[in-house]
Amino acid sequence: MALHILPRTLKYLEAVARFGSIQGASRALGITASAIDRQIIALEEMCQTPLFERHARGMRLTSAGEAVVLMARRWHADADRLEEELRSVRGEQFGTVRLGTMDSLANSILPDLVKNFAVRYPRIRFAINIMTPKEAAHELEIGTIDLVLAFNLPTNRGRHDLWSAPLPFGCAVGVGHPLWGRAQTTLGEAAKYLLAAQSRDLPVREYLEKSYGWLFDTAEPALVTNSLQFMKQVLVGGTYLSITSQLDTLRELEDGSLSFVPLVDDGLRPQTISIAIDARRALPRAARLVGEALAEMVPDRLARLSSVTD
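Residues numbered from 1 in each chain as written. Predicted model: local features only at pLDDT ≥ 70, side-chain atom pairs only at ≥ 80, totals over all residues. Heavy atoms only, no water.

Peer 1: Would you mind showing me how to read the layout of surface pockets here?
Peer 2: Empty space among the atoms becomes visible once a probe the size of a water molecule is rolled across them. Of the volumes computed, that of the largest pocket is approximately 430 Å³. If you go around the largest pocket, you meet 17 residues; those closest to its centre are E14, R73, H76, R98 and T144. Going through the elements one at a time, helix 1 (8-19), helix 4 (63-89), strand 3 (95-101) and strand 4 (124-130) are the ones with two or more residues in the lining of the largest pocket. The element contributing the most residues to the lining of the largest pocket is helix 4, with five residues. A breakdown of the residues in the lining of the largest pocket according to their chemical character gives seven nonpolar, four polar and six charged. (1 Å grid on protein atoms, 1.4 Å probe; cavity = no way out; pocket = protein on both sides within 12 Å on 5 of 7 lines; lining within 4 Å. Points joined across faces, edges and corners; volume = space filled by probe spheres on them. Helix = DSSP H or I, 4+ residues; strand = E, 2+ residues; numbered from the N terminus. Nonpolar A, V, L, I, M, F, W, Y, C, P; charged D, E, K, R; others polar.)

Peer 1: I would appreciate a short explanation of the packing of aromatic side chains in the present structure.
Peer 2: Describing an aromatic ring pair means giving the distance of the ring centres and the angle of the ring planes. Applying the stated criterion to the full structure yields two aromatic pairs. Aromatic side chains F117 and Y121 sit 5.2 Å apart centroid to centroid with 40° between the ring planes, which places their arrangement in the tilted category. When the centroid spacing of 5.6 Å and the interplanar angle of 85° are considered together, the rings of F117 and F126 count as edge-to-face. On the basis of relative accessible area, F117 is assigned to the buried category, the value being 3%. Among the aromatic residues, ring-to-ring pairing joins F117, Y121 and F126 into one connected group. (Phe/Tyr/Trp six-rings, centres within 6.5 Å; stacked < 30°, edge-to-face > 60°. Buried < 20%, exposed > 50% of the residue type's maximum accessible area, 1.4 Å probe, protein only.)

Peer 1: Looking at this structure, I do not really get the sheet that holds strand 4. What am I missing?
Peer 2: Hydrogen bonds along the backbone pair up the strands of a sheet, which may run parallel or antiparallel. Pairing in this open sheet of five strands is mixed, and the strands run 4-3-5-12-6 from one edge to the other. Each edge of the sheet is formed by a strand with only one pairing partner; in this case those strands are strand 4 and strand 6 (159-167). Sheet twist, expressed as the mean angle between neighbouring strand axes with direction ignored, is 15°. Bridging between strand 3 and strand 4 involves seven bridges; their strand directions are parallel. Bridging across to strand 4, L99 finds its partner in I128. (Pairing = 2+ DSSP bridges. Axes fitted to C-alpha atoms, helices over the stretch in contact; angles between N-to-C directions.)

Printed below as a string of structure tokens:
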């Protein structure tokens, strides 16, 4: 039986914030709108400040409301962890693992991870959210996720890396592209061809803009998208190239639809890929199992890929 130790008022607050109105929260929770409204007003009086801006079309959190919702989320996550620890003490393989990760893994590592656990540990559940590295690092620090698998995580003394490795850049190209099958290339040569780039709000583009902005001055991208999955489908056609990493294109490299050509420019520093936890917080057994599995899966897949392409 699930533990229900989150105060009712905070549960209502979360629901109103999520659905944007008291009526929406009422329908979702099966509680009368008047009862929810009374609880929200009472909480605002206790906090001595408005938690919502009330508009004709709904309700929006104030900065104070955002702080209270954050506390509620942390409380809820801690309650789940407590339930999981109690089940672990009783010898049950049970729990919900909250993982923050990258969109680039959505068609490679993550499906295999979930599939393997469904067979080995069917009572372990997953809550996987696609985030930027900054978002994932923040969520890990405040305790709303258990694990992070991401590139270029910001430095944090409280974080512990279960596994970390450099992730060199290269050009991903499809069959028929002039760079297909090449052993190596340079940024200058890559700039001669049509470039498909990730949007500036995505991690790889952000890193390249910061360190190698000249590339986009001399070769304005012919295609910019915030969807890595779409970009990879375009690359398969052999017309464009993209500057990325092997892990971004893992599935396509494994099935042979894309080729990865390493970039060998002097001073081109690789990205970093890390599987990280918060060292200040006890990790539930289910999350430990997932962390250990990822720390084996990711380097193994990269090693197998290298052995095939060498």
